[in-house]
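# Survey of secondary and tertiary structure
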Amino acid sequence: CLGIARCFEAIYDIRISNYIPKPQESPYQAVLKASGASPQCSIMVEDSQPNLHTAARLGMKTILVGADSDGDCRFDAVTATAREAARVVQQWQEEA
């Protein structure tokens, strides 16, 4: 419904980390390993600031969705909706 399905090769859930939840680092590492992606080539889109802080520490681009950033400049983008986040990702792709 967002028109961004073509942007994803796979979708991972909590099972990949043996049910260890974010914001612990091991789920992020498990997805990076399974996908073969580097953090520098990855984007985390999330509505939880603590989860994005972990992603940012690992070197991922971050998009905070649907929440106030409270002036936190550690996020690469802040959007009101997932649809807006999709536009940000598309813009980054065009700039790359």
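Residues numbered from 1 in each chain as written. Predicted model: local features only at pLDDT ≥ 70, side-chain atom pairs only at ≥ 80, totals over all residues. Heavy atoms only, no water.

## A few points about the overall build of the protein
Within the protein one finds three helices and three strands. Secondary structure of the protein in N-to-C order comes out as α-β-α-β-β-α. Here the C-alpha radius of gyration of the protein, 13 Å, is about what a compact globule of 96 residues would show, namely 12 Å. Taking all 96 residues of the protein together, 33% fall into the buried category. Considering only residue pairs separated by 6 or more positions, the protein has 25% of its internal contacts joining residues 24 or more positions apart. Summed over its atoms, the accessible surface of the protein is roughly 6300 Å², and 52% of this surface lies on carbon and sulfur atoms. Here the protein holds 9 positive side-chain charges and 12 negative ones, and the gap between their average locations is 5 Å. (Helix = DSSP H or I, 4+ residues; strand = E, 2+ residues; numbered from the N terminus. Rg over C-alpha atoms; globule rule 2.2 N^0.38 Å. Buried < 20%, exposed > 50% of the residue type's maximum accessible area, 1.4 Å probe, protein only. Contact = heavy atoms within 4.5 Å. Areas by Shrake-Rupley, 256 points an atom, 1.4 Å probe, with all protein chains shown as cover. Lys, Arg positive; Asp, Glu negative; His and termini not counted. Charge placed at Lys NZ, Arg CZ, Asp CG, Glu CD.)

## Examining the packing of aromatic side chains
All chains considered together, the criterion is met by zero aromatic pairs. Over the face of the ring belonging to W92 we find K61, whose NZ or CZ atom lies 4.2 Å from the ring centre. (Phe/Tyr/Trp six-rings, centres within 6.5 Å; stacked < 30°, edge-to-face > 60°. Lys NZ or Arg CZ within 6 Å of the ring centre and 35° of its normal.)

## Here's the deal with the pairing of strand β2 (residues 61-65)
Counting buried positions along β2 gives four out of five residues, so the element sits mostly inside the fold. Here strand β1 (residues 43-46) runs beside β2; their pairing, made up of four bridges, is parallel. Each bridged residue has a counterpart across the sheet, and for V45 the counterpart in β2 is I63. In terms of handedness, the path from β1 via helix α2 (residues 49-58) over to β2 forms a crossover that is right-handed. Inspection of the sheet shows β2 paired to strand β3 (residues 77-79) by three bridges, in the parallel sense. Looking at the pairing, V65 lines up with T79 of β3. (Pairing = 2+ DSSP bridges. Right-handed = clockwise from strand over helix to strand, strands pointing away.)

## Some words on the environment of F75
By the element assignment, F75 lies in the loop between β2 and β3. Of the residues examined, F75 reaches a relative accessible area of 9% and is grouped as buried. Sequence separation between F75 and Q49 is 26 residues; the distance between their C-alpha atoms is 8.9 Å.

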